[in-house]
Amino acid sequence: MNTLLKDKNILIMGVANKWSIAWAIAKSFHQARAKLAFTYLGEKTKKSIEKLMAEEDMNSALLIPCDVTKDEEIENSFNILKDEFGKLDGVVHSIAHAKKEELEGLYLNTSREGYAMAQDISAYSLVAVTKYAKPLMNEGGSIVTLTYLGGERVIKNYNVMGVAKAALEASVKYLATDLGKENIRVNAISAGPIKTLAAKGIKNFGSLLKQFEEKVPMGRLVETEEVANTAVFLCSGLSSGITGEVIHVDGGYNILGY
Ligand SMILES: NC(=O)c1ccc[n+]([C@@H]2O[C@H](COP(=O)([O-])OP(=O)(O)OC[C@H]3O[C@@H](n4cnc5c(N)ncnc54)[C@H](O)[C@@H]3O)[C@@H](O)[C@H]2O)c1
């Protein structure tokens with residue numbers, strides 16, 4: 001237990017199940033004494049989050065439905081947060097989606113529709129969420145999103161999602177610049193590969209993990225808790241001078257040139 005996030009109201013977007021990176025973040029934030037709200041996609045996910053919340057004694061957390069492709073749902077979520085919390089100190093955006101068939105084969109074959117969908121859900125949603133979060137962050141705030149090395153380098157089969165992550169990382173820099181003077185910081189965590197529902201959609205994810213483990217400087221996979229602890233740091237006062245950054249939590253994999 002620590003008090004790094006005591007008195008901070010934080011919205012976590014993107015818990016699907018117990019393997020979600022966002023769930024590891026929620027647990028670490030709860031331990032750091034944050035007051036939490038979650039958005040979820042679909043009734044099935046709501047039930048799964050409720051079960052997880054009960055296990056961790058988080059029953060007082062708010063649960064709000066939000067499909068990020070719908071502006072009115074994003075707006076409604078932040079209206080609820082305004083009524084319930086008044087002010088907001090942090091948002092964790094841990095959301096991405098692409099069609100399964102776009103996550104294999106040649107990037108060249110990406111469809112117009114698949115490209116637009118990946119960009120909308122995985123990159124534009126950060127812009128929309130930040131826009132609605134801003135008025136609630138009148139005492140400053142921290143927005144954290146999740147990205148992957150496939151946004152910087154070519155990773156086999158990551159394809160359209162890599163291009164969406166590149167847009168997401170560029171958005172982090174533009175948003176950080178727009179909001180810096182209001183003391184709202186925007187950063188991304190570039191996590192090493194972790195077995196989650198979203199990762200399962202990438203063809204041959206198992207061999208990607210194996211190759212990672214063989215080469216990574218730290219010689220092991222990254223734990224979701226390690227990603228979560230970095231999110232705690234980014235939402236706490238300890239990172240008060242950091243914005244517009246992409247922090248790699250990947251055991252050093254990104255530094256390799258071979
Ligand atoms: N797992 C990895 O290896 C890895 C590595 C680096 C970055 N990431 C990123 O971490 C983030 C979280 O992914 P995860 O691996 O925890 O998988 P996950 O499947 O648990 O989380 C993805 C979340 O996105 C949500 N989502 C999808 N479409 C949505 C929509 N239209 N509206 C609202 N929510 C929607 C899903 O409901 C789910 O909760 C993603 O941005 C992912 O790209 C994952």
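Keep in mind the model is a prediction, meaning the values are calculated, not measured.

Visitor: How would you summarise the pattern of salt bridges if you had to cite specific residues and measurements?
Guide: Under the definition given, this model contains eight salt bridges. A salt bridge links K99 to E113; its shortest N-O distance comes to 3.0 Å. Taken together, the positions of K99 in the loop between β4 (90-93) and α4 (112-133) and E113 in helix α4 put the pair 14 residues apart, joining distant regions of the chain. Salt bridges sharing partners connect three or more residues here, namely K87, D89 and E139.

Visitor: Which residues make up the UniProt feature "active site" (unreviewed entry) in the protein, and what values do they have?
Guide: The UniProt record marks Y148 and Y158 with the feature "active site" (unreviewed entry), using the residue numbering of this structure. Not counting residues within four places of it along the chain, the set of residues in contact with Y148 comprises I155, Y158, K165, E169, S190, A191, G192, P193 and L208. Inspection of the secondary structure assignment puts Y158 in the loop between β5 (141-147) and α5 (159-179). Residue classification places Y158 among the buried positions, given a relative accessible area of 7%. Ignoring sequence-local partners within four residues, the contact set of Y158 consists of L103, Y148, G150, K165 and I202.

Visitor: Please provide a residue-by-residue account of unusual backbone geometry, values included.
Guide: Positive phi, normally seen in glycine, also occurs at D57, with a value near 60°. Position of D57 among the secondary structure elements: in the loop between α2 (43-55) and β3 (62-65). Of note, the phi angle at N157 is positive, near 75°, even though the residue is not glycine. Mapped onto the fold, N157 is located in the loop between β5 and α5.

Visitor: Go over the packing of aromatic side chains, please, and point to the residues and values.
Guide: This structure, assessed with the given rule, holds three aromatic pairs. Geometrically, the ring pair formed by W23 and F38 is tilted, given 6.1 Å between the ring centres and 35° between the ring planes. Highlighted residues: W23 in helix α1 (residues 21-31) and F38 in strand β2 (residues 35-40), separated in sequence by 15 residues. When its relative accessible area of 0% is taken as the criterion, F38 is described as buried.

Visitor: Give me the sheet that holds strand β1 (residues 9-13): which residues, what numbers.
Guide: Pairing is parallel across the open sheet formed by seven strands, whose spatial order is β3-β2-β1-β4-β5-β6-β7. The open sheet has two free edges, formed respectively by β3 and β7 (246-249), since each of these has just one partner strand. Taken pair by pair, the neighbouring strands of this sheet meet at an average axis angle of 20°, ignoring direction. Note: β4 against β5, four bridges, orientation parallel. Across the sheet, the residue bridging to H93 is T145, located in β5.

Visitor: Tell me about the site of the ligand, residues and numbers included.
Guide: Neighbouring the ligand are 28 residues, the closest being G14, S20, K165, I194 and T196. A distance of 3.4 Å is found between an oxygen atom of the ligand and a backbone nitrogen or oxygen belonging to A16. Within the backbone of I21, one N or O atom sits 2.8 Å away from an oxygen atom of the ligand. Starting from 830 Å² of accessible surface for the ligand in isolation, the protein chains cover 92%. Of all elements in the fold, only β5 and α6 (197-200) reach the threshold of two or more residues within the shell around the ligand. Take the shell around the ligand: its biggest share by element is three residues, from α6. Residue composition of the shell around the ligand, by class: 18 nonpolar, eight polar and two charged.

Visitor: Go over the pairing of strand β6 (residues 184-191) with me, naming the residues and quoting the values.
Guide: Among the eight residues in β6, eight count as buried, and that is most of the element. Along β6, one buried face is formed by I184, V186, A188 and S190 and the opposite face, lined by R185, N187, I189 and A191, is buried too. Where β5 and β6 come together, seven bridges link them in parallel fashion. Looking at β6, one finds that S142 is bridged to R185. Where the polypeptide runs from β5 across α5 and back to β6, its parallel neighbour, the crossover connection is right-handed.

Cut-offs and rules
Residues numbered from 1 in each chain as written. Predicted model: local features only at pLDDT ≥ 70, side-chain atom pairs only at ≥ 80, totals over all residues. Heavy atoms only, no water. Salt bridge = Lys/Arg side-chain N within 4 Å of Asp/Glu carboxyl O. Helix = DSSP H or I, 4+ residues; strand = E, 2+ residues; numbered from the N terminus. UniProt positions renumbered as here; feature names shortened; annotations may be inferred. Contact = heavy atoms within 4.5 Å. Buried < 20%, exposed > 50% of the residue type's maximum accessible area, 1.4 Å probe, protein only. Phe/Tyr/Trp six-rings, centres within 6.5 Å; stacked < 30°, edge-to-face > 60°. Pairing = 2+ DSSP bridges. Axes fitted to C-alpha atoms, helices over the stretch in contact; angles between N-to-C directions. Near = heavy atom within 4 Å. Polar contact = N/O pair within 3.5 Å; in protein donor to acceptor, adjacent residues only side chain to side chain. Areas by Shrake-Rupley, 256 points an atom, 1.4 Å probe, with all protein chains shown as cover. Nonpolar A, V, L, I, M, F, W, Y, C, P; charged D, E, K, R; others polar. Right-handed = clockwise from strand over helix to strand, strands pointing away.

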